[in-house]
Amino acid sequence: MSISRRAFLQNSLAGGAALTAFGFDVAPIHAQAKTLKIARTSETRSLCPYCSVACGVIIHTLGDKAKNAVAQVVHVEGDPDHPTNRGTLCPKGASLEQEILNDRRLLKPQVRRPGATQWEDIGWDQAIDEIGHLVKKTRDATFVEKDPRGRTVNRCEGIAWNGGCTDTNEFNYLVVKTMRSLGVCYLENQARV
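What should I look at first to understand the overall build of the protein chain in this one?
In terms of helices and strands, the protein chain carries six helices and eight strands. Looking at the protein chain residue by residue over its 193 residues, the buried ones come to 19%. Accessible surface computed for the protein chain: about 15,000 Å², of which carbon and sulfur atoms make up 57%.

When you look at the sheet that holds strand β6 (residues 143–146) in this model, what are you seeing that I'm missing?
Two modes of strand pairing occur in sheets, parallel and antiparallel, and in both the strands are linked by backbone hydrogen bonds. Strand order in the open sheet made by the three strands is β6-β7-β8, with mixed pairing throughout. Of all strands in the sheet, those with a lone pairing partner are β6 and β8 (184–189), marking the two edges. Strand-to-strand twist of the sheet, defined as the mean angle between neighbouring strand axes without regard to direction, takes the value 25°. Pairing of β6 with strand β7 (residues 152–163), which is carried by three bridges, proceeds in the antiparallel orientation.

Would you take a moment to explain the environment of D81 for this structure?
Assignment of secondary structure puts D81 in the loop between β3 (72–78) and α3 (91–94). Residues D81 and G56, 25 residues apart in the sequence, show an inter-C-alpha distance of 8.2 Å.

Criteria and thresholds
- Residues numbered from 1 in each chain as written.
- Predicted model: local features only at pLDDT ≥ 70, side-chain atom pairs only at ≥ 80, totals over all residues.
- Heavy atoms only, no water.
- Helix = DSSP H or I, 4+ residues; strand = E, 2+ residues; numbered from the N terminus.
- Buried < 20%, exposed > 50% of the residue type's maximum accessible area, 1.4 Å probe, protein only.
- Areas by Shrake-Rupley, 256 points an atom, 1.4 Å probe, with all protein chains shown as cover.
- Pairing = 2+ DSSP bridges.
- Axes fitted to C-alpha atoms, helices over the stretch in contact; angles between N-to-C directions.

Functional significance is not addressed by these values, which are geometric in nature.
Right, dumping it as structure tokens:
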């Protein structure tokens, strides 16, 4: 006897409705099914990196923690003990697992040279050197010492900084000090935008 997909779905829904109608509680079944996925994992509590709310997350990883073993993320969920979000996550926070496991995630610096159509991988030292040279070149070309009325302003109008919401307070302190010492007056943070 063959059963169609439509008939299978109809029978499943009818059976589920009948079990619920007769007082059968399906919550323990859902709880058991959820624990099967994370039964052998290690829990790591962290914060969601997307915005300034800092919701708590629990990251479940599989791995034996051997010296050269890389743990594999298998599940990410909201932390019910965290006072900010009490276990809930927005859609961006709920997608953390895909961010971690994305095979298109960049793990090294890339550059696309003027006129080129492809990105090329470069080393971290080379990237830092190139960024430093371009910042100096831009600052020298766009630095304004005096405004049209003759007042000293010492500002760089050719560079802007947009900070990320995952930056620490210490990092932001250093960034503001660095940008202000360069004369940059266009500072913003992604968490405010």
